[in-house]
Amino acid sequence: MDDIAKLIWNPDAIHGAGTADVLVFLIAAVMFAPLFRRLRFSQVLGYLAAGALIGPFGLGLVGDVEGTRHLAEFGVVFLLFAIGLELSFERLRIMRKLVFGLGTAQVLVTGTVLAGIAVAVGLDLPAAIVIGGTLALSSTAFVVQLLQERGEFATHHGRAAFATLLFQDLAVVPLLVIVPLLSAPSEGAIALSLVFAIVKAAIALVVIVLIGRLLLRPLYRLMASVGSREIFTALTLLVVLGIGSATQMVGLSMALGAFLAGLLISESEFRHQVEADIEPFRAILLGLFFMTVGMSVNLSLAFDHLGTVLLLIGGLIAVKMLVLFGLALLFRQGLLASLRISALLCQGGEFAFVIFGVAVAANVLEPLAVQMMFLVVSVSMALTPLVMLVVDRLTRHMDNSHLEELGPDECGELENHVIIAGYGRFGRIIARLLEAQGVTVAMLDMDAANVAENRANGRPVYYGDAGRRDILRLVGAEKALGIVLTLDRHKHLPALVSQLREDFPNLTIFARSPDAQTTRELEAAGAYVAVPELLEASLQLGAEVLAKIGVPETEIESLVDAFRHVDSGRRRTTQADGQTDTASEMETESERPVDPVVAACEALERVDELRQAEPPAEDEKRAVA
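Thresholds applied
Residues numbered from 1 in each chain as written. Predicted model: local features only at pLDDT ≥ 70, side-chain atom pairs only at ≥ 80, totals over all residues. Heavy atoms only, no water. Helix = DSSP H or I, 4+ residues; strand = E, 2+ residues; numbered from the N terminus. Buried < 20%, exposed > 50% of the residue type's maximum accessible area, 1.4 Å probe, protein only. Contact = heavy atoms within 4.5 Å. Areas by Shrake-Rupley, 256 points an atom, 1.4 Å probe, with all protein chains shown as cover. Pairing = 2+ DSSP bridges. Axes fitted to C-alpha atoms, helices over the stretch in contact; angles between N-to-C directions. pLDDT = per-residue confidence, 0-100. Parallel < 35°, antiparallel > 145°, perpendicular 65-115°, else oblique. Left-handed = near helix turned anticlockwise from the far one by under 90°. Nonpolar A, V, L, I, M, F, W, Y, C, P; charged D, E, K, R; others polar. Polar contact = N/O pair within 3.5 Å; in protein donor to acceptor, adjacent residues only side chain to side chain.

What follows concerns the overall build of the chain. Looking only at helices and strands, the chain has 29 helices and 6 strands in total. Expressed as a percentage of the 625 residues in the chain, the buried residues total 47%. The long-range share in the chain, meaning contacts at least 24 apart out of those at least 6 apart in sequence, stands at 72%. Accessible surface, the chain: about 31500 Å² in total, of which carbon and sulfur atoms supply 62%.

Take a look at the structure:
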C-alpha cells in the first residue's frame, strides 16, 4: 500500500532541499504577486507577503534561508546593471550635483539626526553611529521598482531620488570599514582605515573603467560575430558577475560593480540587445530578493514589542521624510517633487542586512537589537508604496509642473522617430532620406561587423534583433512613427509583420520585398506598403534606357506606372473602367501565376488605352515626331 501511495505522492523523490525551496518560492510568487497586482497594489507588496508567509517566522517552508538570501542579492546586482544601461557617463556627469550634493547631504544629516536620537534613548556612541549611518540608507531595489511600476523613473523627482541612492551605495564602503573598528574605537585607526579604503576604491574604479572601455566592445563584437544568442547572453552574465566580483574583492559592493558594467555597455551599440537578454534574470532574482526581505519579518517579535516597533518605524519614516523634504527644497527641487523624493526614500535599505550583520559579529550591536532593526527596515520597505499612495492623494490638487518627464535629450528616450530594421545598403539610403528631412532614425542590425563599421563612421546603429518585441520597446516602438523592414530573411517576413501588427497595433510598417508574391503576403499580414526591390530597380533602369533612346518622359511614366500596378490591377476591380468583377473571379485571378510576358503585354495594352482615352497635347505630339 505504501508503494502505491508513493507513486501518487512522494516528496522524498525531490533531489535536494534546494529544489524544494525553489518550488516553494515559485508557487508563492505566482500566487501572491498577481493577486496584489489585481488588487492594484504594488507587486513588491505581493512578494513581501509571500516571503513572510513561507519564511522561518511564518510557515517555515524554506529550508536554506541564508543560501536563498545570498542568491537573492543577485537581484539587486542585476537591477543596478540595468540602471547603468539606461544611463551613461555623460548623463552621470550631468547628475553630479544631485549625486554628490543632495546625496552627501542626505546621508550626513539623516545619519547624524538618527544617531543623536539613538544616543538620547540610551545607546552608546558606537552602536548609535552604526544605527544612524545604516538607517540613513534607503532601498535601491524598492525605489527603482516603484519608479518603474509608476512610470516615473524619467521624471525630475525620479532622477533626483536615484542620484541620492547612487551616493548611498557609495557610502556603504566607509560604513563597512568603520563598523569593525568601532568595537575598539581609535580615532587614528578609523581615520587611517577610511583614507586607505577611499583611495583603494578610487583606484579600483578607475582601473575597471579603463579596462572595460578597452576590452568590452571588442569582446562583444567577437561574440556577436559568432551568431549564437546563448553565447552572447553568457558573455553578459560573465561581465556582470565578473566586474561585480572585482569590486567586491576590493571592498566595494557587487551591485556598484554591476552598475559600472552597465555604464560601460550603455555607450556601446550592444546596449539594447544586452538589456533585453538580461531582463528575465533581473525580474526573477529581484522578485526573489523581495521575498527574502519578507522572510526577515519576525512577526512574533513584532507582537511582543508592538508599541516599540510601531514607534521605531514611524519615527524612522518621519525623520527621513522631514530631512529629505528640507534638503530637496534646498537643492531647488520644487515643493511637489520634494514631497515625492521624501516619500520614495523614507524606508531602510537592503544593505542594512549586511551592515547590521557585521555589527553583530564585531560585538557592536546585540543580536536582539539587530533583529529589531531587521524588522523596522523590512516593514518600512513594505510601507513605502502606501506612503506614496498617501502623498498622491494629498497632492493630487497641487501644481504638478515639477513632475513632468524629462525631454528626450535628457533621458535618452526616443519619440516620433522611425525605426529601420536592417542597416544594409537599402536601409542606409532610407535613413539618409529621412535624416535629410530632420526625422530621427533608430537603426538596428544583427551584423556585428556592419554595426561596428557604421558606428566608427558616426552612425548611431545598434546591435539588436528586430524580431524581438522587448528590443523594439527599448528603441521606442510604442512612440515611433513607423518601422522600415529591410531584412534579408524573406521567408519569415510575413510572420514578423503579423507579430509586429499584434504587438504594436499603432505602428506603421513599411517593408522591402523580394518579389510580387511576398509583397502580397506582407500587405495581407498588415504592412502599410511593401515594395518589391527587384521590380523597382528594373523599372528605374528601364526608364533610364527608354529616356536615352528618345522616348518622351510622359510615355515613360505611364509605362512604368502600368508595369508597377499591373499585378494589383489583375487582383482588384477597376472602378474607373466600369469593370465589376465578382469576389470569386477576383480570388481566382489573384491565385493565377503571373507570367512576366503576359504582364508586359497587358501593361502595354493598358498604356495604349490610356493614350486613346486622353490625346496627347500639342507639345507632346511634336516631341514624339
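After that view of the structure, there is still more to cover.
Next up on the list: the sheet that holds strand 3 (residues 461–463). Strand order in the open sheet formed by 6 strands is 3-2-1-4-5-6, and the pairing between neighbours is parallel. In this open sheet, the two edge strands, each paired with only one partner strand, are strand 3 and strand 6 (529–532). Strand-to-strand twist in this sheet, taken as the mean axis angle between neighbours without regard to direction, amounts to 20°. The pairing of strand 1 (residues 418–421) with strand 2 (residues 441–445) spans 4 bridges and is classified as parallel. Residue pairing for strand 2: Val418 is matched across the bridge by Val441. Here helix 23 (residues 493–503) sits on the sheet and contacts strand 4 (482–485) and strand 5 (508–513); the angle it forms with strand 4, its principal contact strand, is near 170°.

With that settled, consider the side chain of Thr236. As for its placement among the helices and strands, Thr236 is situated in helix 11 (residues 229–249). Given a relative accessible area of 0%, Thr236 falls into the buried group. Every residue in contact with Thr236, bar those within four places of it in the chain, is listed here: Phe81, Tyr220, Val274 and Ile278.

Now for the environment of Gly467. You can see Gly467 is positioned in the loop between strand 3 and helix 22 (469–474). Classification of Gly467 by relative accessible area gives partly exposed; the value is 35%. Put simply, Gly467 and Leu496 are 29 residues apart on the chain and 6.5 Å apart in space, counted from C-alpha to C-alpha.

Within the fold, Met443 resides in strand 2. Along the primary structure Met443 and Tyr462 are separated by 19 residues, whereas in three dimensions their C-alpha atoms are 6.1 Å apart. Contact partners of Met443, with chain neighbours within four places excluded, come to Ile420, Tyr423, Ala431, Glu435, Arg459, Pro460, Val461 and Tyr462.

This next bit is on the confidence of the model for the chain. When the pLDDT values of the chain are averaged, the result is 76; 79% of them are 70 or greater. Across the chain, helix 15 (residues 306–330) holds the top mean pLDDT of 91, while helix 19 (residues 408–411) sits lowest at 38. Here residues 568–598 scores under 50 on pLDDT; set against residues more than four positions off or in separate chains, the count is 20 contacts. Taken as a whole, residues 616–625 scores under 50 in pLDDT and shows 4 contacts with residues more than four places along the chain or in a different chain.

The next subject is the packing of helix 4 (residues 65–86) against helix 13 (residues 271–295). Working note: a packed helix pair is described by the angle between its axes plus the distance between those axes. Contact geometry for helix 4 and helix 13: axes closest at 7 Å, N-to-C directions at 140°. When the axis of helix 4 is compared with that of helix 13, the two are oblique. In this structure, helix 4 meets helix 13 at a crossing whose hand is left-handed. In terms of residue class, the contact of helix 4 with helix 13 is made up of 17 nonpolar, 3 polar and 5 charged.

The next subject is the side chain of Ser513. Looking at the secondary structure, you find Ser513 in strand 5. For Ser513, a relative accessible area of 0% puts it in the buried group. A distance of 2.9 Å separates polar atoms of two side chains, one belonging to Ser513 and the other to Thr519. The residues touching Ser513, leaving out its near neighbours within four places in the chain, are Thr518, Thr519, Leu522, Val531, Pro532 and Glu533.

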